[in-house]
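Remarks on the overall topology
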Amino acid sequence: GEKKEVEDSTKQIVKKAALAVGSLKETEFDIRFNPDVFSPGVIHPKDNLNFKKECQLVQDAADFLITVQIPAFIRDCLDHSTAPMDGATLADAIHNRGINMRYLGKITEMLGKVPQLEYVYVIAVSEVVMRSAKHLFTLFLQGMDMLSLSCSISHFLNCLLSSCPTPSCTVPDQIHKKRSRNRSKKTTSKTSPLTPTDSVEWANLSPKSLWAQIKTEAKSYFDWNLTADSIDAFVELINLNKITLLRSFCQKTGVQIMLREYQFDNKTVQSFSEEDIVNMYPIVKHINPRATDAYNFYTTGQSKIQQGFLKDGYELISEALNLLNNVYGAMHPEIAQCLRMLARLNYIMGDHMEAMSCQQKAVLMSERVNGIDHPYTITEYTHLALYCFANTQVSTALKLLYRARYLALLV
């Protein structure tokens with residue numbers, strides 16, 4: 001009889017706890033968030049009993065992010081357990097803590113109050129502005145005909161980044177339009193995306209109007225007040241290179257541009273011309289699949305190393321590397337990360353030659369899979385410089401450090 005009483009009381013306790021956290025089931029914690037409760041376009045049924053509960057859950061989650069997760073992220077930045085170098089690594093760090101990017105304005109506000117984190121603050125502010133510009137760019141491209149694509153993109157970039165106050169643009173020649181008008185007499189119902197439309201509204205965009213729109217977008221989407229109303233005022237405000245902003249914008253929108261030196265500060269000449277826009281490719285959001293067994297080996301290895309069992313940790317991480325090779329093939333960002341860890345362990349255990357050879361592989365792989373200017377690649381360069389120095393290759397170490405410094409300033 002006693003056993004049954006205990007079971008009943010346990011059930012009661014679980015039921016109360018489940019009710020308190022807004023669980024869907026009484027016997028276990030099954031919490032699901034309805035992302036549409038506050039969406040303006042969604043109409044909810046009147047007789048939905050759970051609607052209030054769903055609203056409350058979403059509000060609780062938002063409170064938790066603002067009061068617990070975001071301050072925790074800032075503490076991590078302060079003790080250098082996370083050190084974002086550019087917008088992409090900042091977004092990764094934020095997502096790893098379950099924080100949505102729409103809280104970027106709040107995070108930026110909090111970062112502004114911590115003088116030691118000025119470098120993260122600069123990254124966050126530029127990220128808010130570039131994301132707002134990306135939203136406007138997406139709208140700007142809607143209904144654009146293919147012939148004026150490179151023209152319009154270069155015009156948008158001029159308005160965004162060039163110091164020239166009145167960038168001019170050439171609307172694609174009118175011949176095509178005359179032809180299309182002749183053809184329109186015998187039109188078919190289908191129109192090709194290459195046929196030009198008469199709309200040239202994009203040509204009316206000016207730097208002043210674009211920055212006013214960015215200001216509004218930053219406020220409405222991120223709840224962030226932008227004080228600058230031109231690119232020069234903005235660059236002065238956060239002390240950043242325009243080339244860094246250009247890189248960030250192109251990565252977000254998928255615009256590929258010609259590799260050359262761009263003159264941003266010349267007030268008479270515009271920075272970009274039609275020929276500079278090489279290509280556009282789609283940016284697809286996705287979640288990378290994870291090799292769970294290898295991940296478990298890797299994390300166990302890390303905890304062993306923290307306890308001081310370096311040999312055991314080394315074996316576990318080597319095992320993780322083998323598994324990663326089997327799952328992903330020869331090239332993958334996680335394999336580069338694993339190689340970096342092995343190199344570090346070899347260095348700590350005194351095998352400097354092996355450390356250098358592992359790190360060389362990590363550098364080559366990171367250049368290949370992440371890109372030559374990716375923050376991870378920069379980190380790989382600095383590690384390789386250290387191991388080269390340990391192997392008395394001082395000039396190589398210096399070259400690597402100069403390379404890392406150059407890239408870090410660029411990013």
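Before any of the text, the structure's been laid out above.
A brief look at the structure comes next. (Residues numbered from 1 in each chain as written. Predicted model: local features only at pLDDT ≥ 70, side-chain atom pairs only at ≥ 80, totals over all residues. Heavy atoms only, no water.)

1. With respect to helix 14 (residues 352–369)
In an α-helix there are 3.6 residues to a turn, and that puts residues three or four apart on one side. Between the first and last C-alpha of helix 14 there are 26 Å, a value that for 18 residues agrees with the 26 Å anticipated at 1.5 Å per step. Buried within helix 14 we find Ala355, Met356, Cys358, Gln359, Ala362, Val363, Met365 and Ser366. Of the residues trailing helix 14, glycine 371 is marked for its positive phi of about 110°. (Helix = DSSP H or I, 4+ residues; strand = E, 2+ residues; numbered from the N terminus. Expected span 1.5 Å × (residues − 1). Buried < 20%, exposed > 50% of the residue type's maximum accessible area, 1.4 Å probe, protein only.)

2. Some thoughts on a nonpolar patch on the surface
A contiguous nonpolar surface patch, about 430 Å² in accessible area, is contributed by Phe389, Val394, Leu398 and Tyr402. No other element matches helix 16 (residues 394–410), which puts 3 residues into the nonpolar patch. Note on placement: leucine 398 falls in helix 16. (Patch = residues over 30% accessible without salt bridge, like charges linked within 9 Å, V, L, I, M, F, W, Y side chains within 5 Å. Areas by Shrake-Rupley, 256 points an atom, 1.4 Å probe, with all protein chains shown as cover. Salt bridge = Lys/Arg side-chain N within 4 Å of Asp/Glu carboxyl O.)

3. A word on unusual backbone geometry
One non-glycine residue, aspartate 223, lies in positive phi territory at about 55°. Here aspartate 223 falls in the partly exposed class, since its relative accessible area comes to 36%. The phi angle at asparagine 239 is positive, at roughly 55°, despite the residue not being glycine. Looking at the secondary structure, you find asparagine 239 in the loop between helix 9 (231–238) and helix 10 (242–253).

4. Structural notes on the packing of aromatic side chains
Applying the stated criterion across every chain yields a total of 12 aromatic pairs. Here the aromatic rings of tryptophan 211 and phenylalanine 234 are separated by 5.7 Å at their centres, their planes lie at 45°, and the arrangement is tilted. In this pair, tryptophan 211 sits in helix 8 (residues 207–222) while phenylalanine 234 sits in helix 9, placing the two residues 23 residues apart along the sequence. Since its relative accessible area comes to 1%, tryptophan 211 is described here as buried. Looking at phenylalanine 234, the relative accessible area reads 0%, which means it is buried. Ring geometry for tyrosine 262 against phenylalanine 272: centres 4.9 Å apart, planes inclined by 35°, an arrangement best described as tilted. A residue pair is termed long-range when its members are at least 10 positions apart, and tyrosine 262 in the loop between strand 1 (255–257) and strand 2 (277–280) and phenylalanine 272 in the loop between strand 1 and strand 2 qualify at 10 residues. (Phe/Tyr/Trp six-rings, centres within 6.5 Å; stacked < 30°, edge-to-face > 60°.)

5. Details of the nonpolar core
The biggest cluster of nonpolar side chains holds 62 residues, and the ones touching the most others in it are Phe73, Leu160, Leu161, Ile214 and Phe234. Elements supplying a minimum of two residues to this core: helix 2 (51–78), helix 3 (87–96), helix 4 (104–112), helix 5 (118–141), helix 6 (149–161), helix 8, helix 9 and helix 10. Here the element with the most residues in this core is helix 5; it accounts for 13 residues. If sequence neighbours within four positions are ignored, phenylalanine 73 has contacts with Thr82, Leu90, Ala93, Ile94, Arg97, Ile99 and Ile107. (Core = buried A, V, L, I, M, F, W, Y, C linked by side-chain atoms within 4.5 Å. Contact = heavy atoms within 4.5 Å.)

6. What about the environment of arginine 97?
Take arginine 97: it is sitting in the loop between helix 3 and helix 4. Counting along the chain gives 27 residues from arginine 97 to isoleucine 70, while the straight-line C-alpha distance between them is 8.4 Å. With residues up to four places along the chain from it excluded, the contact list for arginine 97 reads Gln69, Phe73, Asp76 and Thr82. Among the polar contacts listed, one links the side chain of arginine 97 to the side chain of aspartate 76, at a separation of 2.7 Å. (Polar contact = N/O pair within 3.5 Å; in protein donor to acceptor, adjacent residues only side chain to side chain.)

7. Brief notes about the side chain of lysine 242
Here lysine 242 is to be found in helix 10. Separated by 3.5 Å, the side chain of lysine 242 and the backbone oxygen of phenylalanine 264 make a polar contact. Here aspartate 265 takes part through its side chain, which lies 3.4 Å from a polar atom of the side chain of lysine 242. Setting aside residues no more than four positions away along its own chain, lysine 242 makes contact with Leu161, Ser162, Ser163, Ile231, Asp232, Val235, Phe264 and Asp265.

8. Section: the pattern of salt bridges
Summed over the entire model, instances satisfying the criterion amount to 11 salt bridges. One salt bridge connects glutamate 127 with lysine 252, and the closest N-O pair in it is separated by 3.1 Å. With glutamate 127 in helix 5 and lysine 252 in helix 10, this residue pair connects regions lying 125 residues apart in the sequence. Here the two residues glutamate 127 and lysine 252 agree in accessibility, since each one is buried. Note that lysine 219 is salt-bridged to aspartate 223, the shortest N-O span being 2.8 Å. The class for lysine 219 is partly exposed, based on a relative accessible area of 38%. The structure contains a network of salt bridges with shared partners spanning Asp86, Arg247 and Asp373.

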